[in-house]
Amino acid sequence: MADAHAAPHHDYHLVNPSPWPLVASIAVTVMMVGAVAWMKGVFGLDAGTKWLFFAGLAGVLYSMFGWWSDVIKESRQGDHTPVVSIGLRYGMVLFIASEIMFFAAFFWMFFEMSVYNEARAHIPAISFWTDTATAWTNADGTALWPPKGIETLDAWQLPLLNTVILLLSGTTVTWAHHALQIGDRKGAKLGLLITVLLGVLFTGVQVYEYYHILHENLFFNDEAANSGLYGSIFFMATGFHGFHVLIGTLFLAVCLLRLMAGQMSPQKHFGFEAAAWYWHFVDVVWLFLFAFVYVVFG
């Protein structure tokens with residue numbers, strides 16, 4: 001077995017024993033228990049206790065850094081043979097497919113809420129459901145969309161700006177990828193740097209948009225007390241997308257640092273290629289969010 005690791009005579013990579021799966025599992029468990037403690041309290045910890053969650057988060061980030069650093073080292077040592085590279089590509093494709101299913105759940109909920117909103121207008125007058133039915137019903141008894149108290153955003157202001165930012169970032173990351181493929185390292189660095197800056201700009205605009213929504217009480221106010229479902233699904237869908245933009249920005253930033261360190265070549269740069277796939281996925285999800293959440297049903 002030792003010979004297989006030292007001098008393999010096959011195209012597969014036998015991974016050396018690694019602590020990261022165990023460390024990451026423990027860290028995620030601590031983080032999730034910490035989240036429950038923060039929100040509800042658990043195991044003698046009062047609600048509002050934050051330190052356990054952030055301790056777990058620090059462990060998760062540490063595991064990610066150590067694990068992915070090892071993967072980069074394996075690549076530079078020649079362990080990522082053509083067969084292994086195919087496996088990495090399949091893994092990234094399946095990961096993005098799982099992310100599509102993740103967002104499909106949020107879109108499903110939003111479509112059910114917006115297309116079939118008349119169902120809530122006919123809720124029986126039982127207990128607190130009476131207030132919910134009232135919030136989703138006009139004076140004449142017909143369905144109301146958006147529900148009472150909700151002030152929707154103008155799709156042609158900040159949402160449109162963020163759409164332009166993401167579409168532009170999609171072109172710059174493609175430019176950077178093509179430049180690296182033809183050996184233009186200067187162009188690849190410039191294109192990747194612009195993409196990272198556009199990702200940061202998108203996050204900044206979204207933070208400002210959220211501040212405006214919360215400061216002006218557009219979704220959560222006394223009049224919209226029984227219409228909270230709209231605001232909840234809005235923040236879940238756009239918020240998780242914003243989180244993916246943040247992760248993608250970090251992904252591309254690491255690729256930029258590796259590119260500047262001379263760790264990528266026209267023949268070997270799957271880390272950058274995977275980051276570009278992920279970024280294009282984020283772009284497409286935003287186009288659906290903009291089209292349906294902000295424009296069609298906004």
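These numbers come from a predicted model, not from an experiment.

Overview of the environment of Thr152
When you line up the elements, Thr152 lands in the loop between helix 6 (129-135) and helix 7 (158-181). Taking the C-alpha atoms as reference points, Thr152 and Tyr294, separated by 142 residues in sequence, lie 8.1 Å from one another.

Here's the deal with the pattern of salt bridges
Scanning all chains against the criterion turns up one salt bridge. For Arg89, the salt bridge is made with Glu273, and the minimal N-O distance between the two is 2.9 Å. With Arg89 in helix 4 (residues 82-115) and Glu273 in helix 10 (residues 270-296), this pair connects stretches of sequence that are 184 residues apart. When its relative accessible area of 15% is taken as the criterion, Glu273 is described as buried.

Considerations on helix 3 (residues 51-76)
The end-to-end C-alpha distance of helix 3 is 38 Å, a good match for the 38 Å that 26 residues give at a rise of 1.5 Å each. Here helix 3 has its buried residues at Leu52, Phe53, Gly56, Val60, Ser63, Gly66, Glu74 and Ser75. Following helix 3 by one or two positions, Gly78 adopts a phi angle in the positive range, close to 90°.

Let's talk about helix 8 (residues 185-215)
Between its first and last C-alpha atoms helix 8 spans 45 Å; for 31 residues at 1.5 Å apiece the expected length is 45 Å, and the two agree. Asn217 sits one or two positions beyond helix 8 and adopts a positive phi of about 55°.

Remarks on the environment of Met109
Turning to its location among the elements, Met109 is positioned in helix 4. For Met109 and Ile233, which are 124 residues apart along the polypeptide, the C-alpha to C-alpha distance reads 7.5 Å.

Remarks on the packing of aromatic side chains
The relation between two aromatic rings is expressed through the spacing of the ring centres and the mutual angle of the planes. Evaluated as defined, the whole model comprises 25 aromatic pairs. Residues Trp20 and Tyr62 carry aromatic rings whose centres are separated by 5.4 Å and whose planes lie at 70° to one another, so their mutual orientation is edge-to-face. With a gap of 42 residues between them, Trp20 in helix 2 (residues 20-39) and Tyr62 in helix 3 connect regions that are remote in the sequence. Under the relative-accessibility criterion, Tyr62 is labelled exposed at 52%.

Conventions used here
- Residues numbered from 1 in each chain as written.
- Predicted model: local features only at pLDDT ≥ 70, side-chain atom pairs only at ≥ 80, totals over all residues.
- Heavy atoms only, no water.
- Helix = DSSP H or I, 4+ residues; strand = E, 2+ residues; numbered from the N terminus.
- Salt bridge = Lys/Arg side-chain N within 4 Å of Asp/Glu carboxyl O.
- Buried < 20%, exposed > 50% of the residue type's maximum accessible area, 1.4 Å probe, protein only.
- Expected span 1.5 Å × (residues − 1).
- Phe/Tyr/Trp six-rings, centres within 6.5 Å; stacked < 30°, edge-to-face > 60°.

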